[in-house]
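Coordinate inspection notes
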Amino acid sequence: MKQAILEIQRFNPDVDQKPYLQPFQISYGPDTTILDVLEQIKLEQDGTLTYRRSCRHAICGSCAMNVNGRNQLVCSQPIANHVRRNGRLTIRPLPFLPVIKDLVVDRTRFWDQYLRVKPWLMPPADVPEKEYRVTPEEVAALQEAEKCIMCGACFSACPIAGLTPAYIGPHALLKLYLRVAAPRDVGISIRLDEVENQDGIYGCRTATPCIEDCPKGLNPTQAISTLRQMALKRQKFEEKRRQRQTQLV
């Protein structure tokens, strides 16, 4: 077993005026995850340590935290990969989000922005007699968006979301793409009306932290770029329709 110092950002709003780093001496093996160590600390050293975790299989997204400056799912990260040369590593809560206590953040804004894109299926009134046809390329694109586990890592890493509270965020726009690209959905115009502005698809500056910090290796920026192309095509279609109406008058 190896030894290391794990520095954890602590903050209890009932007693602390500001956050601080608390060091803990920990032991770990080659397969020990960061979450294992947090559990060890809570059980053996400080029962007041507060954090979120659930599935332990990197599919629920509950345990997203900031490890040495990068957002990670700590249940899937071997601690040996993150201990620095000085024998230390640092864990903080996800940045840009209000801290409830220690490593737990308030994700209210995250979920509110997600609901703005109406992420549920809007089916047509009439169901066709035959199945919907989807090309292999469309399936691949849909699966890309479907793999998002809503952990908040990309939203927290996004500098635009951090500095602009009204910005919808990469997570919501990725899930928006999942709906507008699905052949069964008829709510394209409704959803694009919501995001065709600086708080939505035009607010993204194509920075890469959302890609770099996504634990599933997804690319929200590409989805946002595609949504912009869809919005542009819709604008051109509407402009041609107005021109035809004007000519008829």
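Please refer to the structure higher up on the page.
Residues numbered from 1 in each chain as written. Predicted model: local features only at pLDDT ≥ 70, side-chain atom pairs only at ≥ 80, totals over all residues. Heavy atoms only, no water.

Quick notes on the sheet that holds strand β3 (residues 64-67)
Taken in spatial order, the 5 strands make up an open sheet running β2-β1-β5-β3-β4, and their pairing is mixed. The sheet is open, and its two borders are formed by β2 (20-28) and β4 (70-73), each paired with just one other strand. Each strand of the sheet is rotated relative to its neighbour by a mean of 35 degrees, with strand direction disregarded. Note: β3 against β4, 4 bridges, orientation antiparallel. Residue Val67 lies in a different strand from β4, and its bridge partner there is Arg70. (Pairing = 2+ DSSP bridges. Helix = DSSP H or I, 4+ residues; strand = E, 2+ residues; numbered from the N terminus. Axes fitted to C-alpha atoms, helices over the stretch in contact; angles between N-to-C directions.)

Notes on the nonpolar core
In summary, soluble globular proteins display a tendency toward joint burial of nonpolar side chains. Ranked by size, the top nonpolar core spans 62 residues in total, and within it Leu6, Ile26, Leu38 and Leu173 carry the most contacts. Element by element, the count of residues in this core is highest for helix α6 (residues 170-180), at 7 residues. Discounting chain neighbours no more than four positions away, the residues touching Leu173 are Tyr167, Ile168, Val195, Gly200, Ile201, Ile224 and Leu227. (Core = buried A, V, L, I, M, F, W, Y, C linked by side-chain atoms within 4.5 Å. Buried < 20%, exposed > 50% of the residue type's maximum accessible area, 1.4 Å probe, protein only. Contact = heavy atoms within 4.5 Å.)

A word on empty space enclosed by the protein
Under the defined criterion, the tally for this structure stands at 3 cavities of 30 Å³ or more. Taken as a whole, the largest cavity encloses approximately 110 Å³ of empty space. Cys148, Cys151, Cys154, Cys214 and Pro215 are, among the 16 residues lining the largest cavity, the residues nearest its centre. Elements represented by at least two residues in the lining of the largest cavity include exactly α4 (153-157) and α6. For the lining of the largest cavity, the class distribution of residues is 12 nonpolar, 2 polar and 2 charged. Considered as a void within the structure, the second largest cavity measures approximately 80 Å³ in volume. Residue lining of the second largest cavity: Arg52, Gly61, Ser62, Cys63, Ala64, Met65, Leu94, Leu103, Val104, Val105, Arg107 and Cys151, and that is the complete set. Looking at the lining of the second largest cavity, the elements with two or more residues in it are β3 and β7 (104-105). Along the lines of polarity and charge, the residues of the lining of the second largest cavity split into 8 nonpolar, 2 polar and 2 charged. (1 Å grid on protein atoms, 1.4 Å probe; cavity = no way out; pocket = protein on both sides within 12 Å on 5 of 7 lines; lining within 4 Å. Points joined across faces, edges and corners; volume = space filled by probe spheres on them. Nonpolar A, V, L, I, M, F, W, Y, C, P; charged D, E, K, R; others polar.)

Brief notes about the side chain of His82
Structurally, His82 can be placed in the loop between β4 and β5 (88-92). Within the structure, His82 has its side chain in polar contact with the side chain of Gln77 (distance 2.7 Å). Not counting chain neighbours up to four residues away, the residues in contact with His82 comprise Ile34, Val67, Asn68, Gln72, Gln77, Arg88 and Leu89. (Polar contact = N/O pair within 3.5 Å; in protein donor to acceptor, adjacent residues only side chain to side chain.)

Structural notes on the layout of surface pockets
Each pocket or cavity is described by its volume, and for the largest pocket that value is around 220 Å³. With 4 residues, helix α3 (residues 136-146) is the largest single contributor of residues to the lining of the largest pocket. For the lining of the largest pocket, the per-class residue count stands at 6 nonpolar, 1 polar and 3 charged.

Here's the deal with the packing of aromatic side chains
Counted under the stated rule, the structure contains 3 aromatic pairs. When the centroid spacing of 5.6 Å and the interplanar angle of 75 degrees are considered together, the rings of Phe110 and Phe155 count as edge-to-face. Residue Phe110 is located in helix α2 (residues 108-116), and its partner Phe155 is located in helix α4; the two are separated by 45 residues in the primary sequence. What makes Phe110 buried here is its relative accessible area of 1%. Ring centres of Trp111 and Tyr114 lie 5.8 Å apart, and the angle between their planes is 75 degrees; on these two criteria the pair is classed as edge-to-face. Linking Trp111 with Tyr114, this pair stays in helix α2, spanning 3 residues, or about one helical turn. Residue classification places Trp111 among the partly exposed positions, given a relative accessible area of 36%. Classification of Tyr114 by relative accessible area gives buried; the value is 16%. An aromatic cluster of three or more residues is present, and its members are Phe110, Trp111, Tyr114 and Phe155. (Phe/Tyr/Trp six-rings, centres within 6.5 Å; stacked < 30°, edge-to-face > 60°.)

Side note on unusual backbone geometry
One non-glycine residue, Asn68, adopts positive backbone phi at about 50 degrees. Mapped onto the secondary structure, Asn68 falls in the loop between β3 and β4. Positive phi, normally seen in glycine, also occurs at Lys118, with a value near 50 degrees. Inspection of the secondary structure puts Lys118 in the loop between α2 and α3. For Lys118, a relative accessible area of 24% corresponds to the partly exposed category.

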